[in-house]
Every structure is written in structure tokens, then in C-alpha cells.
Amino acid sequence: MSANEHRGGMHNERHDERLSDEELELFVQYLHRFANHDVDICLRMEAGDPEHPVYVMFGRDYPPVGDAADYRRPFVGRRQVTSKSDINDGG
């Protein structure tokens with residue numbers, strides 16, 4: 001992946017499709033790696049449909065919005081991820 005693709009220039013014909021269970025698992029794995037290696041203090045992004053964007057903030061020095069106990073780690077406690085998982089329960 002080139003730097004341009006990494007910074008938002010990447011085109012994907014499947015933008016209108018939901019992630020498969022396998023893709024969701026990979027996304028979460030990549031998200032953890034991204035948070036560990038690319039987020040220094042704070043990073044803000046806009047993603048998704050330009051007409052209905054999702055705003056995302058990754059931060060190490062900000063308290064979470066709401067109670068920290070409301071946040072969960074996807075796939076915690078799972079020994080093996082299978083394609084039979086439910087996307088609504090975190091995988």
C-alpha cells in the first residue's frame with residue numbers, strides 16, 4: 001500500500017458492503033496495531049460516506065466520553081474467531 005493509499009486515496013469497490021466476519025477480525029487486529037504504533041497522543045479522522053461521515057478520535061491523553069466501563073474490547077475472551085460469529089456481539 002502506498003502512502004497515498006494509506007492516507008485516504010485508496011479506492012475500494014466494496015464500500016457499499018458490510019465487512020465479513022473475517023474482515024471484521026482483521027480490521028480489529030489492524031486497529032490494535034495502528035493504535036499501538038501510529039497513535040502518539042491524539043489522531044482525528046473522518047471516514048465513511050462523505051455525505052454522512054463518521055468522525056473518529058484516537059487518543060491516549062483524553063478521558064473517554066461517558067464511563068470507561070462502557071467501552072469494550074472486541075473479541076476479548078475468545079479462543080478462536082470463526083465465520084459464525086455475530087457482528088453485533090463484537091465478533
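Reading the values: rules and limits
- Residues numbered from 1 in each chain as written.
- Predicted model: local features only at pLDDT ≥ 70, side-chain atom pairs only at ≥ 80, totals over all residues.
- Heavy atoms only, no water.
- Helix = DSSP H or I, 4+ residues; strand = E, 2+ residues; numbered from the N terminus.
- Buried < 20%, exposed > 50% of the residue type's maximum accessible area, 1.4 Å probe, protein only.
- Contact = heavy atoms within 4.5 Å.
- Pairing = 2+ DSSP bridges.
- Phe/Tyr/Trp six-rings, centres within 6.5 Å; stacked < 30°, edge-to-face > 60°.

Participant: Tell me about the overall build of the chain, and name the residues and values.
Facilitator: Helices and strands together make up the secondary structure of the chain, namely two helices and two strands. Secondary structure of the chain in N-to-C order comes out as α-α-β-β. Every one of the 91 residues in the chain was classed for burial, and the buried ones make up 11%. Long-range contacts, defined here as pairs at least 24 residues apart, represent 29% of the contacts in the chain between residues at least 6 apart.

Participant: Which residues make up the pairing of strand E2 (residues 54-59), and what are the values?
Facilitator: Note that strand E1 (residues 42-47) and E2 share six bridges and pair antiparallel. Bridge pairing in E2 places Arg44 opposite Met57. The loop that links E1 with its antiparallel partner E2 comprises six residues; one of these, Gly48, has a positive phi angle of about 85°.

Participant: Explain the packing of aromatic side chains residue by residue, including any values.
Facilitator: Enumeration according to the criterion identifies one aromatic pair in this entry. On the numbers, 5.6 Å between centres and 70° between planes, the contact of Phe34 with Phe58 is edge-to-face. Note that Phe34 is positioned in helix H2 (residues 21-37) and Phe58 in strand E2, a separation of 24 residues in sequence. On the basis of relative accessibility, which here comes to 15%, the residue Phe34 falls in the buried class. On the basis of relative accessibility, which here comes to 18%, the residue Phe58 falls in the buried class.

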